[in-house]
Amino acid sequence: MYKVLARSCNLFLVQSKHSTHTSTNLLSTIPTLTKLKMSEEKPKIVFVLGGPGAGKGTQCSKIVERFQFVHLSAGDLLREERARKGSEVGALIEDYIRNGKIVPVEVTCSLLEAAMKKSDKNKFLIDGFPRNQDNLDGWNRQMSDKVDFQFVLFFNCSEEVCVNRCLSRGQSGSGRSDDNMESLKKRIQTYNNDSLPIIKHFEEIGKVKQIDASPSSDEVFSKVEEVFTQSGF
């Protein structure tokens with residue numbers, strides 16, 4: 001069994017009484033994390049949240065083109081690190097996923113930080129994060145002082161529309177194994193139980209920009225443009 005501890009922004013894999021592994025600095029396998037420095041100006045961060053099928057990825061692509069943000073998907077970064085040959089962090093990610101557990105937030109935050117350090121830009125969309133309270137707490141511990149958080153861009157869409165979009169996407173050959181009804185039920189339940197309370201938290205502190213994600217992607221983006229323009233981008 002693995003235990004993950006964050007100390008001085010370094011992540012360690014610590015030997016438990018049931019393991020024979022020695023302590024290992026997991027983040028040593030993310031080469032850019034300690035070798036690159038953030039620019040003097042704190043990077044501006046926008047969290048992008050919404051249910052499965054709400055159109056987050058599509059809208060993020062449009063925002064990147066129109067406003068020159070960098071799109072960072074927490075899920076994509078985890079999958080890329082898991083697939084990177086020889087990565088001990090990747091092995092840890094695989095172990096957690098294989099056992100149906102949530103990847104430690106310290107790993108996700110460290111991958112996001114490394115991706116920001118590699119970029120020559122200073123505006124980032126973080127798509128699909130924070131998904132739950134643990135994600136938010138970990139971000140606040142590890143990253144909140146290093147970035148300039150702007151707002152949450154929340155794509156609000158009915159469950160019916162989200163399900164229909166995902167099923168249509170799956171039928172048209174999206175290649176995503178979770179674009180099916182059985183997986184969607186679990187994803188929507190997780191979203192309702194874990195992610196909506198996070199969105200409510202940000203609403204209470206006036207940090208949510210809500211977009212009706214039901215219309216066509218072009219109609220939705222016209223509202224997104226208004227939000228970013230009014231926010232000074």
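Residues numbered from 1 in each chain as written. Predicted model: local features only at pLDDT ≥ 70, side-chain atom pairs only at ≥ 80, totals over all residues. Heavy atoms only, no water.

1. What to know about the overall build of the chain
As a reminder of what qualifies: Secondary structure counts use DSSP, requiring at least four H or I residues in a row for a helix and at least two E residues in a row for a strand, with both numbered from the N terminus. Accessibility here uses a 1.4 Å probe with only protein chains present; expressed as a share of the type maximum, an area under 20% marks a residue as buried, one over 50% as exposed, and anything in between as partly exposed. In what follows, a contact means two residues having at least one pair of non-hydrogen atoms within 4.5 Å. Areas reported as accessible are Shrake-Rupley estimates using a 1.4 Å probe. Residue values count occlusion only from the protein chains shown.
When its secondary structure is counted, the chain shows 9 helices and 8 strands. For the chain, the residues scored as buried account for 42% of the 233 residues in total. Long-range contacts, defined here as pairs at least 24 residues apart, represent 73% of the contacts in the chain between residues at least 6 apart. As presented, the chain carries roughly 12600 Å² of accessible surface, and 47% of it is formed by carbon and sulfur atoms.

2. Some words on the packing of aromatic side chains
What counts, and what does not: Working definition: a ring pair exists when centres of Phe, Tyr or Trp rings (six-membered ring for Trp) sit within 6.5 Å. Plane angles under 30 degrees give stacked, over 60 give edge-to-face, the rest tilted. Two conditions define a charge sitting above a ring: the NZ of Lys or the CZ of Arg must be within 6 Å of the ring centre, and it must be within 35 degrees of the ring normal.
Overall, the coordinates contain 11 aromatic pairs when judged by the stated rule. Members of the aromatic cluster, connected to one another through ring pairs, are Phe47, Phe129, Trp139, Phe149 and Phe202. Between the NZ or CZ atom of Lys62 and the centre of the ring of Phe221, over which it lies, the distance is 5.9 Å. Over the face of the ring belonging to Phe67 we find Arg66, whose NZ or CZ atom lies 4.4 Å from the ring centre.

3. Brief notes about the nonpolar core
As a reminder, the rule being used: Here, the term nonpolar core denotes a set of buried Ala, Val, Leu, Ile, Met, Phe, Trp, Tyr and Cys residues that are joined through side-chain atoms within 4.5 Å.
Among the nonpolar cores identified, the biggest contains 34 residues, and Ile45, Phe47, Val107, Met116, Phe129 and Trp139 are the most heavily contacted of them. Per-element accounting of this core gives the leading share, 7 residues, to helix α5 (residues 105–118). Apart from residues no more than four positions distant in its own chain, Phe47 is found in contact with Ile126, Phe129, Pro130, Trp139, Phe149, Phe151, Val152, Leu153 and Phe202. Formed by 20 residues, the second largest nonpolar core is a distinct cluster that contains Val48, Ala54, Phe67 and Val227.

4. Here's the deal with the side chain of Glu106
Put simply, the rule reads: Here a polar contact is taken to be a pair of N or O atoms separated by no more than 3.5 Å, where protein atoms must pair a possible hydrogen donor with a possible acceptor and residues adjacent in sequence count only if both atoms sit in side chains.
Assignment of secondary structure puts Glu106 in helix α5. For Glu106, a relative accessible area of 12% gives the class buried. Reaching out from Glu106, the side chain makes a polar contact with the side chain of Arg141 at a distance of 3.4 Å.

5. Thoughts on the packing of helix α3 (residues 74–83) against α5
Under the convention used in this document: The axes used here are C-alpha line fits, helices contributing only the stretch in contact, and every angle between their N-to-C directions lies in the interval 0 to 180 degrees. If an angle is under 35 degrees, it is roughly parallel; if it is over 145, roughly antiparallel; if it lies from 65 to 115, roughly perpendicular; otherwise it is oblique. In this count, Pro and Cys sit with the nonpolar residues alongside Ala, Val, Leu, Ile, Met, Phe, Trp and Tyr, while Asp, Glu, Lys and Arg are called charged and the others, Gly among them, polar.
Where α3 contacts α5, the axes come no closer than 10 Å and their chain directions differ by 95°. Taken together, the axis directions place α3 and α5 in an arrangement best described as roughly perpendicular. Facing α3, whose interface residues are Ala74, Leu77, Leu78 and Glu81, α5 presents Val107, Thr108, Leu111, Leu112 and Ala115. Classifying every residue of the contact of α3 with α5 by side-chain character gives 7 nonpolar, 1 polar and 1 charged.

6. Remarks on the environment of Pro43
You can see Pro43 is positioned in the loop between α1 (32–35) and β4 (44–50). The buried category is assigned to Pro43, whose relative accessible area is 1%.

7. Focus: the side chain of Ser110
By the element assignment, Ser110 lies in helix α5. Judged by relative accessible area, which is 1%, Ser110 ranks as buried. In this structure the side chain of Ser110 is engaged in a polar contact, spanning 2.8 Å, whose partner is the backbone oxygen of Glu106.

8. Focus: the state of the cysteines
Quick reminder of the rule: The term disulfide is used for any two cysteine sulfur atoms that are within 2.5 Å.
The tally for this structure, following the rule as stated, stands at 0 disulfides. Looking at the unpaired Cys162, the closest cysteine sulfur is the one in Cys157, lying at 4.0 Å. Counting only cysteine sulfurs, Cys162 is the nearest neighbor of Cys166, a cysteine outside any disulfide, at a range of 6.6 Å.

9. Description of unusual backbone geometry
Cis geometry is adopted by the peptide bond preceding Pro130, which originates at Phe129 and carries an omega value of 0°. Despite not being glycine, Gln68 shows a phi value in the positive range, around 60°. Tracing the backbone shows Gln68 in the loop between α2 (56–67) and β5 (70–73). By relative accessible area, Gln68 is classed as partly exposed at 40%.

10. Overview of the pattern of salt bridges
Counted only if it meets this: The salt bridge criterion pairs a side-chain nitrogen of Lys or Arg with a carboxyl oxygen of Asp or Glu, the two atoms within 4 Å.
Here the structure, examined in full by the defined rule, presents 9 salt bridges. Between Lys44 and Glu41 there is a salt bridge whose closest N-O contact spans 2.9 Å. Here Asp218 makes a salt bridge to Lys62, at a shortest N to O gap of 3.2 Å. Residue Asp218 is located in helix α9 (residues 217–230), and its partner Lys62 is located in helix α2; the two are separated by 156 residues in the primary sequence.

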